[in-house]
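# Structural overview for review
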Amino acid sequence: MDTNMREAVTAQERLMITLRFLATGETFTSLQFIFRVSKSLISSIVKDVCAVLNEQLRSYVKMPSNTQQWREVSKKFEDRWNFPHAIGAIDGKHVRIRAPSHSGSEYYNYKNFFSIVLLAVVDADYNFLHADVGGKGGISDGGVFKNSCLYQRLENNSLNIPEPEPLRIPYTIRVPYFLLGDKAFAFTSYCIRPFAGEHPTGSMERYNSCSGISNSNNRNLATATPGSTVFSKGSSDLSNSGECCGQQEQQRHKLRTVN
């Protein structure tokens, strides 16, 4: 409220201060000269506004709730990236922090700084579907994922993800719907990653060749979202993913016929 000494900081100014801090990571000392507000007040403004944003915008970041909505997400991946049955891209982002007291190396990450982990799932248009923040930086992305509520719901099959279906006619093998991750995540029925190592060209293990994603570029989509953007810059050619999956299926059928 206004006083005889000064006018109150308006709601617009509070939002501007908070968004500037979140977007740039500037120190409170720097922000106080830009907005002419003391850094002690800025520290409380940022905390209060973040709490309000989290409460009011919670409904904007949500997972699909039924099979039809999941199929719509999958269709966008196929239309934009030519990658069928993908329902999200998952990755973690290390957010730099000051080491908490008496935390030892729990928050010290492989990039040699202290952090907490933002684990995010995005759709084909880089929109957040799920976000989990607060994991200790010393834990891998896969470890943070296994400690998340999303992992438990995937394990319990409680997200209403569509049942496995053939990729397209005339193929008959049922392929599950899945998340796209990098080598930090385990290969499961609901999450795929590039196969490790080198494999002969034409082999069924040559995932990178057949899917059109290289080990380094598998992170393109999910790293391009939080902050500095959940898959890093790079290019990927997914133009033949559906056809290659079909070729793999035909190879499997021939092997079964021979055996």
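Please refer to the structure placed before this passage.
Read on for an overview of the structure. Per chain, residues are indexed from 1 in the order of the written sequence. Per-residue local features are limited, in this predicted model, to residues with pLDDT of at least 70; the limit for side-chain atom pairs, both in listing and counting, is 80 or more; totals at the level of whole chains, interfaces and linings are taken over all residues. Think of the side-chain values as coming from all heavy atoms in the structure, minus any hydrogens and water.

When DSSP locates at least two bridges between a pair of strands, those strands are taken to pair. Numbered from the N terminus, helices here are DSSP runs of H or I no shorter than four residues, and strands are runs of E no shorter than two. In the sheet, strand β2 (residues 115-122) pairs with strand β3 (residues 128-136) via 7 bridges, with the strands oriented antiparallel. Bridged to Val121 within β3 is His130. Remark: 5 residues form the turn of the hairpin made by β2 and β3, two consecutive strands paired antiparallel; Tyr126 in that turn has positive phi of roughly 70°.

What describes a pair of aromatic rings is the distance from one ring centre to the other and the angle between the planes of the rings. To pair, rings of Phe, Tyr and Trp, with the six-membered ring standing in for Trp, must have centres within 6.5 Å; the planes then decide the type, stacked if under 30 degrees apart, edge-to-face if over 60, and tilted in the middle. Enumeration according to the criterion identifies 6 aromatic pairs in this entry. Relative to Phe114, the ring of Tyr108 has its centre 5.0 Å away and its plane inclined at 65°; by these criteria the two rings are edge-to-face. Aromatic pair Phe145 and Phe185: ring centres 5.8 Å apart, planes at 70°, arrangement edge-to-face. Linking Phe145 in helix α5 (residues 141-146) with Phe185 in the loop between β6 (178-180) and β7 (191-192), this pair joins segments that are 40 residues apart in sequence. Of the two residues, Phe145 and Phe185, both sit in the buried class. The structure contains a cluster of three or more aromatic residues connected by ring pairs, namely Phe145, Tyr151 and Phe185. Partly exposed residues are those whose accessible area sits between 20% and 50% of the maximum for their type, while under 20% is buried and over 50% is exposed, using a 1.4 Å probe and protein chains only.

This part takes up the nonpolar core. Think of a nonpolar core as a cluster: buried Ala, Val, Leu, Ile, Met, Phe, Trp, Tyr and Cys residues, connected wherever their side-chain atoms sit within 4.5 Å. Formed by 31 residues in total, the largest nonpolar core has its most connected members in Ile90, Phe145, Leu150 and Leu154. Put simply, the parts of the chain that give this core at least two residues each are α4 (67-81), β1 (86-96), β2, α5, α6 (149-155), β6 and β7. Looking at this core, the element that brings in the most residues is α4, giving 4 residues. Look past the residues within four positions of Leu154 in its chain and what remains in contact with it is Phe145, Leu159, Ile161, Leu179 and Tyr190. One finds Val9, Val37, Ile42 and Ile45 within the second-largest nonpolar core, a separate group that totals 9 residues. Two residues qualify as a contact provided that any one of their heavy atoms is within 4.5 Å of a heavy atom in the partner residue.

Over its 15 residues, α4 extends 21 Å from the first C-alpha to the last, a length consistent with the 21 Å expected when each residue adds 1.5 Å. Three or more residues of α4 are buried, namely Trp70, Val73, Ser74, Phe77 and Trp81. Along α4, the residues classed as buried sweep out an arc of 95° about the axis, all on the same side. Turned more than 90 degrees from where α4 packs its buried face, Lys75 and Asp79 sit exposed. Contact partners of the buried residues in α4: β1, β2, β3 and β6. By the criterion applied in these results, polar contacts are pairs of N or O atoms within 3.5 Å in which, for protein atoms, one can donate a hydrogen and the other can accept it, and in which residues neighboring in sequence qualify only through two side-chain atoms. Two or three places before Gln68, at the opening of α4, Asn66 has a side-chain oxygen 3.1 Å from that residue's backbone nitrogen. An expected span of 1.5 Å times one less than the residue number is assigned to each helix. Directions are taken from the helix axis to each C-beta atom, and the arc is the one they span.

Only protein atoms enter the calculation, which uses a 1 Å grid: trapped sets of points that fit a 1.4 Å probe without letting it out are cavities, open sets showing protein on both sides within 12 Å along at least five of seven lines are pockets, and any residue with an atom within 4 Å of a point is a lining residue. Grid points are joined across faces, edges and corners, and a volume is the space filled by probe spheres set on the points. Roughly 1500 Å³ of volume is contained in the largest pocket. Lining the largest pocket are 30 residues, and of these Leu22, Cys50, Val95, Leu118 and Val133 sit closest to its centre. Listed by contribution, the elements that provide at least two residues to the lining of the largest pocket are α1 (11-24), α3 (39-56), β1, β2 and β3. Looking at the lining of the largest pocket element by element, the count peaks at 6 residues for β3. Following the grouping adopted for this structure description, the nonpolar residues are Ala, Val, Leu, Ile, Met, Phe, Trp, Tyr, Cys and Pro, the charged ones are Asp, Glu, Lys and Arg, and the polar ones are all others, Gly among them. For the lining of the largest pocket, the residue count by class is 18 nonpolar, 6 polar and 6 charged.

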